[in-house]
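Residue-level structural notes
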Amino acid sequence: AGERQELVIKSKAGFERALEIFPENAAAAYKLGLIQSITGDTASSIGLYRLAISNKPDDVFSLVNLASIYSRRGQTDSALYFLNCSFKADSLNEMTLANLMGIHYSRGEDAEVIRFGEIAVRNGRANDRISNLLQQSRGRISRPD
């Protein structure tokens with residue numbers, strides 16, 4: 001654990017230096033945001049992911065990670081906004097599809113879950129989570145309360 005922590009600290013300093021030299025470095029902003037997230041500083045992560053996105057709007061990893069933070073905070077409208085941006089950037093990204101399905105499922109929006117699930121299945125992107133959510137939403141529609 002000590003060696004890992006040391007590596008995280010060294011890499012953090014390197015990414016901070018990279019952003020000092022070239023503030024538009026979306027990759028460095030993403031990696032630093034990831035480190036901040038791993039170390040529990042999600043407030044800093046949000047700013048760094050937003051910086052990455054401002055310099056590279058189609059950065060799917062920053063978009064999905066930012067959406068995940070908002071989702072964990074219960075800010076599903078913000079999470080959906082960034083996931084929809086991610087979907088526009090890469091409509092076949094498995095993380096994006098699974099997270100879109102998860103949020104729509106939690107909101108009871110089964111038609112949306114099925115829509116995104118069918119995109120995943122049709123394009124060979126269905127994983128266990130996607131398959132389960134798709135099955136559960138289809139089940140809720142066929143057995144309304």
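Scroll up a little and you will see the structure.
Conventions we followed
- Residues numbered from 1 in each chain as written.
- Predicted model: local features only at pLDDT ≥ 70, side-chain atom pairs only at ≥ 80, totals over all residues.
- Heavy atoms only, no water.
- Helix = DSSP H or I, 4+ residues; strand = E, 2+ residues; numbered from the N terminus.
- Buried < 20%, exposed > 50% of the residue type's maximum accessible area, 1.4 Å probe, protein only.
- Areas by Shrake-Rupley, 256 points an atom, 1.4 Å probe, with all protein chains shown as cover.
- Lys, Arg positive; Asp, Glu negative; His and termini not counted.
- Charge placed at Lys NZ, Arg CZ, Asp CG, Glu CD.
- Expected span 1.5 Å × (residues − 1).
- Core = buried A, V, L, I, M, F, W, Y, C linked by side-chain atoms within 4.5 Å.
- Contact = heavy atoms within 4.5 Å.
- Polar contact = N/O pair within 3.5 Å; in protein donor to acceptor, adjacent residues only side chain to side chain.
- Phe/Tyr/Trp six-rings, centres within 6.5 Å; stacked < 30°, edge-to-face > 60°.
- Lys NZ or Arg CZ within 6 Å of the ring centre and 35° of its normal.

Right, let's get into the overall build of the chain. From N to C terminus, the chain includes eight helices and zero strands. Taken from N to C terminus, the helices and strands of the chain fall in the order α-α-α-α-α-α-α-α. Across its three principal axes, the chain shows a C-alpha extent of roughly 55 × 30 × 30 Å. Here the chain holds 145 residues, and the buried ones make up 37% of them. A total of about 8200 Å² of accessible surface is found on the chain, and carbon and sulfur atoms cover 51% of it. With 18 positive and 17 negative side-chain charges, the chain shows a separation of 1 Å between the mean positions of the two kinds.

This brings us to helix α4 (residues 60–72). Taking 1.5 Å per residue, 13 residues should reach 18 Å; α4 reaches 18 Å between its end C-alpha atoms and fits that length. All of the buried residues along α4 are V60, S62, L63, V64, N65, L66, A67, I69 and Y70. Backbone geometry just after α4 places G74 at a positive phi near 80 degrees.

Okay, the nonpolar core next. Formed by 36 residues in total, the largest nonpolar core has its most connected members in L66, F82, L97, M101 and F116. Looking at this core, the elements with two or more residues in it are α2 (26–38), α3 (42–55), α4, α5 (76–89), α6 (94–106), α7 (110–122) and α8 (128–142). A total of seven residues in this core trace back to one element, the largest contributor, which is α4.

Let's shift gears to the environment of E109. Positionally, E109 belongs in the loop between α6 and α7. Here E109 is in contact with H104 and R140, once residues within four sequence places are set aside. In this structure the side chain of E109 is engaged in a polar contact, spanning 2.5 Å, whose partner is the side chain of H104. Side-chain polar atoms of E109 contact the side chain of R107, separated by 3.3 Å.

Below, the discussion takes up the packing of aromatic side chains. Enumeration over the complete set of coordinates arrives at five aromatic pairs. When the centroid spacing of 6.0 Å and the interplanar angle of 35 degrees are considered together, the rings of Y30 and Y49 count as tilted. Linking Y30 in helix α2 with Y49 in helix α3, this pair joins segments that are 19 residues apart in sequence. Residue Y49 is classed as buried on the basis of its relative accessible area of 1%. For the pair Y70 and F82, a centre-to-centre distance of 5.8 Å together with 10 degrees between the ring planes defines the contact as stacked. A residue pair is termed long-range when its members are at least 10 positions apart, and Y70 in helix α4 and F82 in helix α5 qualify at 12 residues. Residue Y70 is classed as buried on the basis of its relative accessible area of 8%. Directly above the ring of F116 sits R115, whose terminal nitrogen or CZ lies 4.3 Å from the centroid. When the ring centre of Y105 is taken as origin, the NZ or CZ atom of R140, which lies over that ring, is 3.8 Å away.

In short, shape yes, function no, at least from these values alone.
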